[in-house]
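Spelled out, the chains give:
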Amino acid sequence: MAPLRHTGYEERPALLDGAVLWRNAPAGPAAAVLPDGCMDLLFHAGRLLVAGPDTGPHAVGAAPGDGPWTGVRFAPGDAPALLGVPAHELRDRRVDLAALWPGDRVRRLAERIADAPDPAAALEALALRLAADAPRPDPLTRAVARDLARGRTVAGTAAATGLSARQLHRRSLAAFGYGPKTLARVLRLQRALALVRAGAPLAEAAHTAGCADQAHLAREVRALAGTTLTAYAASAGQPPEGVRRVSGGG
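Residues numbered from 1 in each chain as written. Predicted model: local features only at pLDDT ≥ 70, side-chain atom pairs only at ≥ 80, totals over all residues. Heavy atoms only, no water.

*Asks:* Describe a positive patch on the surface, naming the residues involved and giving the relevant values.
*Replies:* Together, Arg105, Arg108, Arg112 and Arg129 make up a region of like positive charge exposed at the surface. The element best represented in the positive patch is helix α2 (residues 103-115), accounting for 3 residues. With respect to the helices and strands, Arg112 occurs in helix α2. (Patch = residues over 30% accessible without salt bridge, like charges linked within 9 Å, V, L, I, M, F, W, Y side chains within 5 Å. Areas by Shrake-Rupley, 256 points an atom, 1.4 Å probe, with all protein chains shown as cover. Salt bridge = Lys/Arg side-chain N within 4 Å of Asp/Glu carboxyl O. Lys, Arg positive; Asp, Glu negative; His and termini not counted. Charge placed at Lys NZ, Arg CZ, Asp CG, Glu CD. Helix = DSSP H or I, 4+ residues; strand = E, 2+ residues; numbered from the N terminus.)

*Asks:* Now, about the confidence of the model for the protein chain: what can you tell me, with residues and values included?
*Replies:* Scored by pLDDT, the protein chain comes out at a mean of 88, with 87% of its residues at no less than 70. Per-element averaging of pLDDT across the protein chain places strand β1 (residues 2-3) at the bottom with 52 and α2 at the top with 98. Scored below 50 in pLDDT, residues 242-250 shows 4 contacts in the model against residues more than four places distant or in partner chains. (pLDDT = per-residue confidence, 0-100. Contact = heavy atoms within 4.5 Å.)

*Asks:* Could you give an account of the sheet that holds strand β9 (residues 94-96), with specific residues and numbers?
*Replies:* One open sheet holds the 6 strands; their spatial order is β2-β3-β8-β5-β6-β9, and the pairing between them is antiparallel. Edge positions in the sheet fall to β2 (9-13) and β9, since each has one partner strand and no second. Taken pair by pair, the neighbouring strands of this sheet meet at an average axis angle of 25 degrees, ignoring direction. Examined bridge by bridge, strand β5 (residues 40-44) and strand β6 (residues 47-51) share 5 bridges and lie antiparallel to one another. The residue bridging Leu42 from the neighbouring strand is Leu49, located in β6. (Pairing = 2+ DSSP bridges. Axes fitted to C-alpha atoms, helices over the stretch in contact; angles between N-to-C directions.)

*Asks:* Quick rundown of helix α7 (residues 180-197)? Include the residues and the values.
*Replies:* Residues spaced three or four apart along an α-helix point in a common direction, a consequence of the helix completing one turn every 3.6 residues. Here α7 contains 18 residues, and its C-alpha end-to-end distance of 25 Å stays within 8% of the 26 Å for a straight helix at 1.5 Å per residue. Those residues of α7 lying buried are Pro180, Leu183, Ala184, Val186, Leu187, Arg188, Leu189, Gln190, Ala192, Leu193 and Val196. Positioned one or two residues after α7, Gly199 has a phi angle of 105 degrees, which is positive. (Expected span 1.5 Å × (residues − 1). Buried < 20%, exposed > 50% of the residue type's maximum accessible area, 1.4 Å probe, protein only.)

*Asks:* Would you mind going over the pattern of salt bridges in detail, with residue names and values included?
*Replies:* Throughout the structure, instances matching the rule amount to 13 salt bridges. Here Arg73 and Asp36 are joined by a salt bridge, their closest N and O atoms 3.6 Å apart. With Arg73 in strand β8 (residues 69-73) and Asp36 in the loop between β4 (31-34) and β5, this residue pair connects regions lying 37 residues apart in the sequence. Here Arg188 and Glu220 are joined by a salt bridge, their closest N and O atoms 3.0 Å apart. Separated by 32 residues along the polypeptide, Arg188 in helix α7 and Glu220 in helix α9 (residues 214-225) bring together distant segments of the chain. Judged by its relative accessible area of 17%, Arg188 falls in the buried class. What makes Glu220 buried here is its relative accessible area of 9%. Linked through salt bridges whose partners overlap, the residues forming this network are Glu11, Asp36 and Arg73.

As structure tokens, then:
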């Protein structure tokens, strides 16, 4: 669950390995959350919720008086062991944590976070406690996410991890919420969008991320992010196609 960056959004690396602590303030516009292969533990308006892995864009409102959203975004594949639920059961869903855990426990945790001087730090502390009580992250799952994030093919990833295609698919559903082909598409999209945000020309971003060409990337942005590639580039501060970037020393 990766929100588009805007003036009301801020994030930092969490103390939990591979996780990110983020906040979407009501002063900013609503954020479009894009698929990233991750799951989030959320705190909003006194409630604890879980965001499952997305396969398309999801809007997070930030209306005046609505209060901020705070979240811990876990590394791909880590959340199911911490929360006790397979990722595919929460795919494209936002659910109250009380639907997964005993209500009394969730209520006490939510009250503790709400009463804390810094709710974001309190949410981060909760994530650290969950990780301390859970099994260590599965190195095989992390290897799958790492290999696909680097652009290795699904077949190559299966071979490298010693899994059959069926085993890889089953493990991916439980850990990431969808099969390895979809995860590979999502991670490739994130690679491409990161390059666009960094200022890379669209064709270069597409090629470097592993797309066949710019048109291929444009189709993926439309399918997975619900917007056009040019609109995303404009939101990231990219000049229109055909307009040269001029360096300060040129």
